[in-house]
Structure formats: structure tokens, C-alpha cells
Amino acid sequence: MPFSKTRTRITRITRTLAAVASVVALTFILLPAQAAAGLNIVATTSTLGALAREIGGDEAEVRVLAPPDRDAHYLDARPSFMAALRRADLLLEIGAGLEEGWLPAAQRGANNRAINSGQPGHFRAADKIELRRSITMDGPNMGHVHEEGNPHFNADPLRMAEIGIALAERMGELRPDHAEAFMERAEAAAERLREHAETLAEQVEPDQRIVVYHEDLDYLEEWLPVEIVGYLEPAPGIPPTARHLRSLVDELEGTEGTVLHAIFHPERGAEFLERHLGWPTHAVPLDPPADASLDGYLELMSTWAEALPQR
């Protein structure tokens, strides 16, 4: 074979080997970055998102769907939700009917089998705890969406601690290499939640009576010294009526208490009770900021407790 052809062939082989080496090297460069990305988690609410960030640490990326200043009952299955779910390794939802009006449609639009109901990539928080009985399960309110129980346990840090442990177990199943770290963070988070709940409960005057808008703050009874004595809604999902508000005033006249409602609820009913009963009113968030970690949820707990008379 002529020298020139031999040299040309050697050059081609050398270039091919160099290209292969570049691909192999690039693969080894990218592998640590992909491993660092860890779990791609999508949470329906920012409370679940905060818990996932705390447990996942650097091994998880978390996207929250429901804005914290919106009622998570009444959202639309937006294309951006579907796009986020399409890339998700793990979907976290509250469950018990809270997202029933929009999440199933978003899951169908995402076409991601890994996060379908019953799959390891689908985590339904309501299945991990005992729910309070919903007011929609009895009497004239029967038939509303909360037939499994009250889904607003995001207002109960004690139940959120339980959910965190269960979530760490699921995350560990999906990423066994990080299972131990997930559980350590979950246990530390649970301890912080319980301790903060105890501290705040001791700061609130005992035997507080509160009126709330919806049953979304009922779980405050589980860890604060409060009693729910009325609702601004005459029935779940029905805006306050003059007749119902007057009946509340007649029932509670001469007593002391506080009116609490979510920041996205109309203020008219609360203001009516404030004028006629002298009860102070407070509009409070139900969830922490969308990008919050556990610290954001602990601050939210303080906001709820500080809306009540202090010792």
C-alpha cells in the first residue's frame, strides 16, 4: 500500500478513536451532573413542596403547581402543569378530593405513566395519615367533595411530620443510593415540626374560640388550644349569606373569639362579624411561598398562632 494511503488511513483511525474518546469522556462528565439532579418532583401545593425540598436536599428538584394565594380546589389543568408533570419522576398530591377538579386532567395531558395512580411515582399524602371527619360527610352538607375526610391537613404540622417520614420512604425507593439521607432529613424535619408546634401552643391563651370561613383551618384544633365554633360559609362552597351571618351573630353574641380566613377568601363575612361581635379578624395564608423550604412552613405556623391572643 502506498505510504500516502497508509498515512490517510491512520489519520482516519486516529480521528475516529479521538471522537470515541471524546464521547466517553463527555459521558463521564455528564453522569455526575445527572446523578446530582436526582429526583424531579412536582408537588400540587407549596406545603408539600416545602417538605419535599427539605427531605430531598440537593438530590431533588421541586416544582409547585398551585400558587399559594389561590384556592387549590379551583384551578385549571394548564399546559404548564402538563409540561411539568411530563418530566416528573414523582408527583405529590394532597388527595382526598382537594385537587380532584384539575389534577386528573393534567395527569392525562402529561402522558407520563410513571406518575399515574398506583405507580411508585405517585404519592398521595392523604393515604398516609388519619383524616379528620369532614363536615361534608354528615347532615345537610353531605355530598360535597370531601367524602374521604377533611383534606386540609396542611394546617397540621403533626400530620405533616408523619407525611414527611412516608415521603422519605417513597423517595428512597425511587433513589436507593440516597435513601438514608432522605430518611435522616425527614426525621429531623419531623422533630422540628413537633417542637415548634408545642412551643407555639404554649404561647396561645387557652380555650380560644374561632370562626373560620371554610373547614380549611379545622386542623388547628389538633395542635393549638382552639375550638371551631362556626363557619362563614352556610355550606361548603357557598358564599356567606346575610341570613347565615346574622344567625352566627345571634349564636355568638356576648362571647369572645377570633375570625380567621384564608387570604383568597372574600372579607365581607369576616368584617360583618367584627362589626357586630367585636371579634378581631385575620386573613392568613394556608400555604407557604411557592419556593419555601421547611423554614417557610414553620413561619406559616407562627403566623397562624400569632393571629390568636397570646399568654
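Residues numbered from 1 in each chain as written. Predicted model: local features only at pLDDT ≥ 70, side-chain atom pairs only at ≥ 80, totals over all residues. Heavy atoms only, no water.

Draft legend 1. A look at helix H9 (residues 294–306). Its 13 residues place the ends of H9 18 Å apart at the C-alpha level, agreeing with the 18 Å of an ideal helix rising 1.5 Å per residue. Considered for burial, the residues of H9 that qualify are Leu294, Gly296, Tyr297, Leu298, Leu300, Met301, Ser302, Trp304 and Ala305. (Helix = DSSP H or I, 4+ residues; strand = E, 2+ residues; numbered from the N terminus. Expected span 1.5 Å × (residues − 1). Buried < 20%, exposed > 50% of the residue type's maximum accessible area, 1.4 Å probe, protein only.)

Draft legend 2. Highlighting unusual backbone geometry. For Ala96, which is not a glycine, the phi torsion comes out positive at approximately 55°. Topologically, Ala96 is positioned in the loop between strand E3 (90–93) and helix H4 (103–110). In the Ramachandran plot, Asn111 falls in the positive-phi region, its phi being about 55° despite a non-glycine side chain. Judged by its relative accessible area of 67%, Asn111 is exposed.

Draft legend 3. Focus on a negative patch on the surface. A cluster of acidic residues, Glu191, Glu195, Glu198 and Glu202, forms a negative patch at the surface. Note on placement: Glu202 falls in helix H6 (residues 179–203). (Patch = residues over 30% accessible without salt bridge, like charges linked within 9 Å, V, L, I, M, F, W, Y side chains within 5 Å. Areas by Shrake-Rupley, 256 points an atom, 1.4 Å probe, with all protein chains shown as cover. Salt bridge = Lys/Arg side-chain N within 4 Å of Asp/Glu carboxyl O. Lys, Arg positive; Asp, Glu negative; His and termini not counted. Charge placed at Lys NZ, Arg CZ, Asp CG, Glu CD.)

Draft legend 4. Spotlight on the packing of H6 against H9. Put simply, H6 and H9 touch, their axes get as near as 10 Å, and they point 15° apart. Relative to H9, H6 is oriented roughly parallel. The two elements H6 and H9 cross, and the hand of that crossing is right-handed. In this structure, H6 contributes Ala189, Arg192, Leu193, His196, Ala197 and Leu200 to the contact, and H9 contributes Leu294, Asp295, Tyr297, Leu298, Met301, Ser302 and Ala305. Partitioning the contact of H6 with H9 into residue classes produces nine nonpolar, two polar and two charged. (Axes fitted to C-alpha atoms, helices over the stretch in contact; angles between N-to-C directions. Parallel < 35°, antiparallel > 145°, perpendicular 65-115°, else oblique. Left-handed = near helix turned anticlockwise from the far one by under 90°. Contact = heavy atoms within 4.5 Å. Nonpolar A, V, L, I, M, F, W, Y, C, P; charged D, E, K, R; others polar.)

By themselves these figures say nothing about function.
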